[in-house]
Amino acid sequence: MGLVSATLLRSLAPICLLIAIAGLVMSIGEPYQIRVAYIFFINLTAVFALQIYMGGTGHASFGHAAFQGIAAYSVAILMTPLALKRLLIPDAPFGLAAVHLGAVPSILIALVLTGVIAYIVGLAISRLGGVAAEIATLAFLVIVHVIFTNWIELFRGPRAFYGIPSISNLYWGLGAAIIALLIAKLFRDSPYGVQLRAASDNLLAARAMGVPVERLRLLAWTLSGIVMGMAGILLATYLGTIAPSSFYFNQTFLIMAMLLLGGMRSVSGALCGTLVISIGSELTRSLESGPVIAGIDLPAMFGLTGFFLGAIIVLVMSFRREGLLGGEEFEDLFRQWKLKRKSAADETSADAPAKQEA
Amino acid sequence: MLQLTDVSVSYGPIQAVRNVSATVEQGEIVALLGPNGAGKTSLVSSIVGIIPVSSGSVGFDGEDITRTPVESIVRKGLTLTPEGRRVFAGLSVAENLRLGASTQSDRAAVEETLETYLEMFPILRERYHQTATTLSGGEQQMLAIARSLMSRPRMLMLDEPSLGLAPRVVERIFEHIVELKQSGLTMLVVEQNATEALAFADRAYVLASGKLVFEGAASELASSDRLMEAYLGTGVD
């Protein structure tokens with residue numbers, strides 16, 4: 001069986017789960033819940049993107065929210081109607097104030113642009129190892145943020161960029177998340193992914209066998225940057241409004257918490273972590289305003305969601321470093337569970353005749 | 001096959017290897033001996049380009065490979081099995097072996113090579129789907145050697161294949177080395193276990209404090225109590 005068909009088969013269960021979530025929310029959800037589900041799919045796409053890089057290289061990246069921002073601003077600048085753009089960014093450079101493209105070309109250009117920027121930045125980051133690479137990703141995030149907030153002619157600075165046509169719906173989110181899932185799974189199981197994981201396991205041995213570590217890191221970084229761009233496009237074309245603050249520390253730590261909670265070494269872990277944190281934040285958010293539960297009037301606790309996120313990161317790091325799934329995929333866990341049950345069954349059947357003899 | 005000319009390796013101000021010139025001819029096993037900290041590992045690591053050579057040159061098959069990246073050197077047919085086994089702990093034996101063929105693009109040839117070495121190391125076939133961490137030390141060393149062989153090298157450098165292994169296991173590893181030699185593989189074996197290494201090597205170099213202090217036939221070194229005692233601490237008392 002080829003890699004692609006094997007991956008499709010192995011991804012069937014999580015894909016069905018995602019379709020079920022989308023179907024359920026679309027059929028019985030209220031607009032607020034649909035919005036929550038959409039944000040979930042955006043974050044899921046982003047977490048899959050982050051998993052491609054972090055799961056492969058074992059290095060943290062604090063810079064991925066920047067890719068989300070680059071893609072979001074690209075579609076915003078290309079797609080927003082000319083009348084609005086004259087109001088928002090009348091002095092845009094490169095004649096961009098007079099450019100208006102349809103959805104498909106805008107999205108394609110945004111993805112290509114994100115990919116090119118990721119590649120160029122990756123040339124430097126892939127050559128660094130360990131902590132140096134991680135700090136460089138943080139620097140990248142800050143640089144992109146500073147450009148967004150200070151290049152006022154093009155990005156409107158810290159003020160929101162609004163009026164982007166809201167063309168996407170929940171199924172876009174679902175589709176993007178499934179595509180991201182498949183890309184992440186394919187990359188993880190491909191020879192490149194295995195070589196990269198081997199290098200993060202033992203760099204020297206991998207080098208000695210001729211694994212081109214830098215080139216593979218660059219590949220993972222660029223690929224995950226493009227997938228991250230998908231998440232940015234989803235955000236811009238759904239909310240219709242973006243601001244530089246949407247692509248900064250809050251987003252960085254949210255998606256990182258999601259990935260770490262589930263376990264960054266597997267795609268299934270990324271899915272699990274995103275689910276748990278999304279549901280958890282919704283629950284804590286409803287507690288923030290101090291609702292009345294079972295006759296008890298709870299006090300308002302603002303900032304509870306942030307506290308919840310921080311607490312989760314601390315708890316996972318202290319008790320389960322490898323994340324909830326310990327770096328395994330669903331199907332691997334299922335196989336291990338089956339094996340364990342089988343060996344347990346063998347033992348009891350082996351015990352039975354022995355007892356009869358006695 | 002391999003020519004080192006005045007090779008030096010430095011870590012900042014510290015010179016680990018000083019002006020070493022040596023050769024390895026086609027089909028022979030050469031032992032690189034010396035006490036701890038003599039620079040043996042630095043020397044072999046610099047030959048394949050894992051750490052840079054600070055001066056001098058490395059030639060392989062008459063071609064200068066001093067500044068060539070590791071993957072190109074492996075592709076040319078020179079592979080190093082690094083010290084301390086270094087199997088990929090989280091991956092299975094099968095994945096470890098296939099990773100050894102990272103530089104190979106001919107799939108049929110990879111399968112054929114795999115079959116050859118599973119034949120040679122039957123224990124790896126038995127443990128094929130197990131995670132590499134579940135293997136014993138000796139099995140991990142065999143896996144490390146087989147993994148290097150998956151790149152179809154014409155010359156293999158083994159860095160301390162006996163490190164941390166029980167004497168009986170060491171014997172088995174050395175038998176495999178002899179077997180590989182008979183199959184025509186050229187080898188450079190780094191060892192602290194001087195007496196045993198000299199038993200299967202054709203020639204030997206002794207490195208002490210980064211400098212070559214002896215080169216010659218293995219038998220000559222083995223019969224010289226003075227040299228053995230001075231540099232290898234295994235003299236007859």
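Refer to the preceding data block for the structure.
Presented here is an overview of the structure given in this document. (Residues numbered from 1 in each chain as written. Chains lettered and ligands numbered in written order. Predicted model: local features only at pLDDT ≥ 70, side-chain atom pairs only at ≥ 80, totals over all residues.)

The secondary structure content of chain B amounts to 10 helices and 10 strands. Against the compact-globule benchmark of 18 Å for 237 residues, chain B has a radius of gyration of 17 Å, which places it among compact chains. Each principal axis of the C-alpha atoms in chain B carries an extent, and together these give about 50 × 40 × 30 Å. Taken over 237 residues, chain B has a buried fraction of 46%. (Helix = DSSP H or I, 4+ residues; strand = E, 2+ residues; numbered from the N terminus. Rg over C-alpha atoms; globule rule 2.2 N^0.38 Å. Buried ≥ 20, exposed ≤ 12 C-beta atoms within 10 Å, placed from the backbone.)

Of the regular secondary structure elements, chain A holds 16 helices and 4 strands. Relative to a compact globule of 358 residues, whose C-alpha radius of gyration would be 21 Å, chain A shows 23 Å and is just as compact. Taking the principal axes of its C-alpha atoms as reference, chain A extends roughly 95 × 65 × 35 Å. By the burial criterion, 44% of the 358 residues in chain A qualify as buried. Taking as baseline every contact in chain A between residues at least 6 positions apart, the subset at least 24 positions apart corresponds to 78%. (Contact = placed C-beta atoms within 7 Å.)

Bringing the packing of helix α2 (residues 12-28) of chain A against helix α3 (residues 31-57) of chain A into the picture now. All names here are of chain A. The geometry of α2 relative to α3 is characterised by a closest axis approach of 9 Å and an angle of 160 degrees between their N-to-C directions. As the angle between them shows, α2 and α3 are arranged roughly antiparallel. Here the hand of the crossing between α2 and α3 comes out left-handed. Across the interface between the two elements, Ile 21, Ala 22, Val 25 and Met 26 of α2 pack against Gln 33, Ile 34 and Ala 37 of α3. (Axes fitted to C-alpha atoms, helices over the stretch in contact; angles between N-to-C directions. Parallel < 35°, antiparallel > 145°, perpendicular 65-115°, else oblique. Left-handed = near helix turned anticlockwise from the far one by under 90°.)

To continue, consider the nonpolar core. Grouped together as the largest cluster of nonpolar side chains are 170 residues, with contacts concentrated most on Phe 48 and Val 75 of chain A together with Val 189 of chain B. Counting residues per element, this core draws most heavily on helix α12 (residues 213-239) of chain A, at 17 residues. (Core = buried A, V, L, I, M, F, W, Y, C linked by C-beta atoms within 7 Å.)

This part takes up the sheet that holds strand β10 (residues 211-217) of chain B. Residue and element names in this part refer to chain B. Here we have 6 strands laid out as an open sheet, ordered β6-β7-β8-β3-β9-β10, and mixed in their pairing. Strand pairing shows two members of the sheet lacking a second neighbour, β6 (78-81) and β10, which therefore form its edges. Each adjacent strand pair in this sheet contributes to an overall mean axis angle of 15 degrees, direction not counted. Bridge analysis of strand β7 (residues 155-159) against strand β8 (residues 186-191) gives 5 bridges, and the strand direction is parallel. Opposite Met 157, over in β8, you have Leu 188 as the bridge partner. With respect to the sheet, helix α6 (residues 137-149) is in contact with β6 and β7, its orientation differing from that of β6 by roughly 165 degrees. (Pairing = 2+ DSSP bridges.)

Moving on, we come to the pairing of strand β1 (residues 2-11) of chain B. Residue and element names in this part refer to chain B. Both β1 and strand β2 (residues 14-24) contribute to a ladder of 7 bridges, which runs antiparallel. Along β2, the bridge assignment pairs Leu 4 with Ala 22. Adjacent in sequence and paired antiparallel, β1 and β2 are bridged by 2 residues, among which Gly 12 carries a positive phi angle near 60 degrees.

Residue-level contacts link 13 residues of chain A with 21 residues of chain B. When residues of the side of chain A that touches chain B are traced back to their parent elements, those giving at least two are α10 (191-201) and α11 (203-208) of chain A. In terms of residue class, the side of chain A that touches chain B is built from 8 nonpolar, 3 polar and 2 charged. (Nonpolar A, V, L, I, M, F, W, Y, C, P; charged D, E, K, R; others polar.)

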